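One letter stands for each residue in the lines below.
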Amino acid sequence: MLKIYKNLKPFLPAILGILILQTIQAMANLYLPTLMSDITNNGIMMLDVSYIWRTGGKMLLIAGGGVLCAILASFLGARTAIGLGRILRNKIFRHVSGFSLREFDQFGASTLITRTTNDIIQIQTTTILIFNMMVSAPITAIGGTFLAYSEDKSLTVILACALPLIGLLIGFFAARGIPLFKKVQLKIDKINLVLRENLTGIRVIRAFNRIDREEARFDEASRDLTNNYIKVNHIMAFMMPGMMLIMNLVTLSILWFGAARVDQGTSNIGNLMAFMQYAIQILMSLLMLTMMFIMIPRAQAAAERINQVLGVRHDISDPKQPAHADKMAGYVEFKNVSFRYFGAEEPAVSGITFSAKPGETTAIIGGTGSGKSTIVNLIPRFYDVAEGEVLVDGVNVRDLSQQELRSKIGLVPQKAILFSDTIADNIRYGKEDATEEEVRHAAETAQAADFITGMKEGYDTMLAEGGLNLSGGQKQRLSIARALVRRPEIYIFDDSFSALDFKTDAKLRAALKRETQDATVIIVAQRVGTVMDADRIIVLDEGKVAGIGTHKELMEHCGVYREIVSSQLSEEELA
Ligand code: ADP
Ligand code: MG
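Predicted model, so just to flag it, every value in this text is computed and none were measured.

### Observations concerning the overall build of the protein chain
Each helix and strand counted, the protein chain has 22 helices and ten strands in total. Structurally, the protein chain occupies a C-alpha span of about 125 × 50 × 45 Å along its principal axes. Here the protein chain holds 575 residues, and 48% of them are scored as buried. Summed over its atoms, the accessible surface of the protein chain is roughly 29800 Å², and 60% of this surface lies on carbon and sulfur atoms. If the 60 positive side-chain charges of the protein chain are averaged to one point and the 59 negative ones to another, these points end up 7 Å apart.

Laid out in structure tokens, this is it:
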């Protein structure tokens, strides 16, 4: 929590303002009962009307001033707390953007979302509460006690008896409520997870008639959260009446014993009334402080969750003095590389050695799960290798700044990801300042121009979230155009032709060839037809290289490759 509050630095003037305003407000509140006692003793009892008017007016002014200060203070408090929320949200977002894929895998998207939204709101709410009473409540409690004592010493005994009672009550609620409050956050995470899975998987859920099952799953998560909230509120429901009971008992005792004292002439009505007011003020501020103490652990839990995210030391970060790779253009080399996913028992790839040169096409082929995507993800340094090294233009990717490294690469991922924006802007994602001509050219090379111009609004067509209104092949071609417009040194196509029909696939590769003449091209594919004419084919089998060579060489020496080929091509094609 304290770590989070370090972010309040820019708000120091506002906080100072809150402190001053609340002090004034608390002072005003504490002064009022004294005046009231004066009115009763010197005005009403003496039937001095003008004294009542004068002191009454004074009271009104002071009360008004107090209210004004209170309003201003809460305004400043709310602004500061919400400003803090904004700073935290931005901080988390920026930090998470720098996560390596390993770190993403570790947290999962759902909890990252809850942490940026719900947990921050939690902290905001608590902070507002804290600002609203951080000064006024303690001042009122302490000052009130002194002033009550000065009004009537012997009645103070009643307060002294009430305090331990209140302490017990607060202790009881804190012990019961706080663990429940902490649980709530976990349950919200769970709801988020189920909801996200449901929304992204809606097609599958419908296709397999699993709506009922998913509803039940959501219902369970939701009921779980509800029950938890109900439990919390059951406990809290007793708190207010409990406090009220104590407060009323205190008032009653004061009246009972006070009346006796007034009767005896050892005290007078004015002092009694003032005392009672102080007693109420003291108890009220204690109640407020209790609320605060109950909210704080909740915010504390949220703060811990936020700090967990912010505390992740990026395992992929730029070197202090990044090297530059400007001697060569597009040279990729793997030297005995092994890599293991977080939590996996076996390395996904091991002992990978190969090089890909500018002007050449290097293809990677292998069954699903053989580690093709893994290898390709090591080039832009999405993950760090466990052993060996990945060199780009002769420099280890760890020694380059991520910015420089990635600017050399045009990656077409296995799963085409598009953004809810126009088609043109989606292509421009590869190069922000691409001209219309460049965008059009990239689309033509990617064989996307036909379907784009066939759309009513052409390049200005808005894509739905993730490109839902396109077919798989259309999405792939847009994602290829996005890489092309960048004109990088290294092109990486990760299974990017799988959703294309053979004719488009062939046309696309012919067009690519002209376009990528001087660049290094790395193509991952499952189809032999796609890789056959590559300069170098790397055959992967269960994370290891089973052979490297041209189609002809591999047909002669590599059993794994022959198997793949014979499973795909007919006898005549083989001959
Ligand atoms: P390919 O692209 O050849 O189909 P991948 O490189 O995607 O294969 O996967 C290689 C192996 O690594 C598979 O066994 C897969 O289960 C595992 N794997 C892939 N991605 C992850 C991940 N994010 N976390 C853990 N294991 C993974
Ligand atoms: Mg793959």
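From this point, the discussion proceeds with the structure in view.
### A word on the packing of helix 2 (residues 12-44) against helix 7 (residues 136-151)
Interhelical geometry of helix 2 versus helix 7 gives an angle of 25 degrees and a closest axis separation of 9 Å. Relative to helix 7, the element helix 2 is oriented roughly parallel. Helix-helix and strand crossings are classified by hand; for helix 2 and helix 7 the assignment is right-handed. Across the interface between the two elements, Gln22, Thr23, Gln25, Ala26, Leu30, Thr34 and Ser37 from helix 2 touch Ser136, Ile139, Thr140, Gly143, Gly144, Leu147 and Glu151 from helix 7. Its residues placed into classes, the contact of helix 2 with helix 7 shows four nonpolar, nine polar and one charged.

### Some details on the sheet that holds strand 4 (residues 387-392)
As summarised here, the arrangement of the four strands in space is 2-1-4-5, forming an open sheet in which the pairing is antiparallel. Each end of this open sheet is capped by a strand with a single partner; those strands are strand 2 (349-356) and strand 5 (395-396). As paired strands, strand 1 (residues 332-339) and strand 4 are joined by five bridges and run antiparallel to one another. Among the inter-strand pairings, Glu333 is bridged to a residue of strand 4, identified as Leu391.

### Observations concerning the nonpolar core
A general trend in soluble globular proteins is that nonpolar side chains are found buried together. Core analysis: the largest hydrophobic core is formed by 60 residues, its most contacted members being Ile4, Ile123, Val250 and Ile254. Counting only elements with at least two residues in this core, the list comes to helix 1 (2-5), helix 2, helix 3 (49-97), helix 6 (118-133), helix 7, helix 8 (156-200), helix 10 (211-264) and helix 11 (269-310). It is helix 11 that contributes the most residues to this core, 17 residues altogether. Each residue touching Ile4, except ones within four places of it in the same chain, is listed here: Leu84, Leu88, Ile123, Ala303, Ile306 and Asn307. Formed by 46 residues, the second largest nonpolar core is a distinct cluster that contains Ala448, Tyr459, Val528 and Tyr561.

### Quick notes on the site of ligand 1
The environment of ligand 1 is formed by Asp105, Tyr341, Ala348, Gly367, Thr368, Gly369, Ser370, Gly371, Lys372, Ser373, Thr374 and Tyr383. Ser370 is positioned with one of its backbone polar atoms (N or O) 3.3 Å from an oxygen atom of ligand 1. In this structure, Lys372 approaches ligand 1 through a main-chain N or O atom, which is 2.8 Å from an oxygen atom. Contact with the protein chains removes 61% of the 560 Å² of surface that ligand 1 exposes when unbound. Residue contributions to the shell around ligand 1 peak at three residues, all from helix 12 (residues 372-378). Among the residues making up the shell around ligand 1, the classes are represented as three nonpolar, seven polar and two charged.

### A word on the coordination of the magnesium ion (ligand 2)
The protein atoms donating to the magnesium ion (ligand 2) are Ser373 (OG) and Gln414 (OE1), with metal-donor distances spanning 2.0 to 2.2 Å. Of this pair, Ser373 sits in helix 12 while Gln414 is found in the loop between strand 6 (409-412) and helix 14 (423-428), placing the two residues 41 residues apart along the sequence.

### Some thoughts on the pairing of strand 10 (residues 544-549)
Across five bridges, the pairing between strand 9 (residues 536-541) and strand 10 is antiparallel. For Val539, the partnering residue across the bridge sits in strand 10 and is Gly547. Linking strand 9 to strand 10, which pair antiparallel, is a turn of two residues; within it Glu542 sits at a positive phi near 50 degrees.

### Here's the deal with the confidence of the model for the protein chain
When the pLDDT values of the protein chain are averaged, the result is 89; 99% of them are 70 or greater. At the level of individual helices and strands, the protein chain shows its lowest average pLDDT in helix 22 (residues 571-574), which scores 60, and its highest in strand 1, which scores 95.

### Concerning the packing of helix 6 against helix 11
The geometry of helix 6 relative to helix 11 is characterised by a closest axis approach of 8 Å and an angle of 150 degrees between their N-to-C directions. Considering the relative orientation of helix 6 and helix 11, their crossing is left-handed. Contacts between helix 6 and helix 11 pair Asp119, Ile120, Gln122, Ile123, Thr125, Thr126, Leu129, Ile130 and Met133 from the former with Met288, Leu289, Met291, Met292, Met295, Ile296, Arg298, Ala299, Ala302, Ala303, Arg305 and Ile306 from the latter. The residue makeup of the contact of helix 6 with helix 11, split by class, is 15 nonpolar, three polar and three charged.

### Comments concerning unusual backbone geometry
Although it is not a glycine, Gln447 sits at a positive phi angle of roughly 60 degrees. Examined against the element boundaries, Gln447 turns out to sit in the loop between helix 15 (436-445) and helix 16 (449-453). Despite not being glycine, Arg487 shows a phi value in the positive range, around 50 degrees. Along the chain, Arg487 turns up in the loop between helix 17 (472-484) and strand 7 (490-494).

### Looking at the pattern of salt bridges
Pairing between side chains of opposite charge can happen when their charged atoms approach one another. A full pass over the atoms with the stated rule returns 20 salt bridges. A salt bridge links Arg217 to Glu214, with the nearest nitrogen and oxygen atoms 3.3 Å apart. Here the residue Arg217 and the residue Glu214 both occupy positions in helix 10, the gap between them amounting to three residues, near one helical turn. Two residues, Lys431 and Glu438, come together in a salt bridge whose shortest N-O distance is 2.6 Å.

### Topic: a nonpolar patch on the surface
Taken together, the side chains of Ile44, Met45, Met46, Ile269 and Met273 make up a nonpolar region of the molecular surface, amounting to roughly 470 Å² of accessible area. Its place among the elements puts Met45 in the loop between helix 2 and helix 3.

### Examining the sheet that holds strand 9
With respect to topology, six strands assemble into an open sheet ordered 6-7-8-3-9-10, the strand pairing being mixed. Only two strands of the sheet have a single partner each, and these edge strands are strand 6 and strand 10. Each strand of the sheet is rotated relative to its neighbour by a mean of 15 degrees, with strand direction disregarded. Against the sheet, helix 17 makes contact with strand 6 and strand 7, and its axis sits at roughly 180 degrees relative to strand 6, the strand it touches most.

### Digging into the domain arrangement of the protein chain
By the assigned domains, the protein chain splits into domain 1 (2-310) and domain 2 (414-487). Just the C-alpha atoms count here: the centres of domain 1 and domain 2 sit 52 Å apart.

### Re the packing of aromatic side chains
Per the stated rule, a full pass over the model turns up nine aromatic pairs. Each ring, one from Phe99 and one from Phe104, has its centre 5.7 Å from the other, and the planes form 70 degrees; the classification is edge-to-face. Ring geometry for Phe419 and Tyr429: centres 4.5 Å apart, planes at 20 degrees, overall stacked. Taken as a pair, Phe419 in the loop between strand 6 and helix 14 and Tyr429 in the loop between helix 14 and helix 15 lie far apart in primary sequence, ten residues in all. Just above the ring of Phe502 sits the side chain of Arg527; from NZ or CZ to the centre is 4.6 Å.

Each value, and the rule that gives it
- Residues numbered from 1 in each chain as written.
- Chains lettered and ligands numbered in written order.
- Predicted model: local features only at pLDDT ≥ 70, side-chain atom pairs only at ≥ 80, totals over all residues.
- Heavy atoms only, no water.
- Helix = DSSP H or I, 4+ residues; strand = E, 2+ residues; numbered from the N terminus.
- Buried < 20%, exposed > 50% of the residue type's maximum accessible area, 1.4 Å probe, protein only.
- Areas by Shrake-Rupley, 256 points an atom, 1.4 Å probe, with all protein chains shown as cover.
- Lys, Arg positive; Asp, Glu negative; His and termini not counted.
- Charge placed at Lys NZ, Arg CZ, Asp CG, Glu CD.
- Axes fitted to C-alpha atoms, helices over the stretch in contact; angles between N-to-C directions.
- Parallel < 35°, antiparallel > 145°, perpendicular 65-115°, else oblique.
- Left-handed = near helix turned anticlockwise from the far one by under 90°.
- Contact = heavy atoms within 4.5 Å.
- Nonpolar A, V, L, I, M, F, W, Y, C, P; charged D, E, K, R; others polar.
- Pairing = 2+ DSSP bridges.
- Core = buried A, V, L, I, M, F, W, Y, C linked by side-chain atoms within 4.5 Å.
- Near = heavy atom within 4 Å.
- Polar contact = N/O pair within 3.5 Å; in protein donor to acceptor, adjacent residues only side chain to side chain.
- Donors = N, O, S within 2.8 Å, 3.2 Å for Na, K, Ca; no water.
- pLDDT = per-residue confidence, 0-100.
- Salt bridge = Lys/Arg side-chain N within 4 Å of Asp/Glu carboxyl O.
- Patch = residues over 30% accessible without salt bridge, like charges linked within 9 Å, V, L, I, M, F, W, Y side chains within 5 Å.
- Domains from an automatic or database assignment.
- Phe/Tyr/Trp six-rings, centres within 6.5 Å; stacked < 30°, edge-to-face > 60°.
- Lys NZ or Arg CZ within 6 Å of the ring centre and 35° of its normal.

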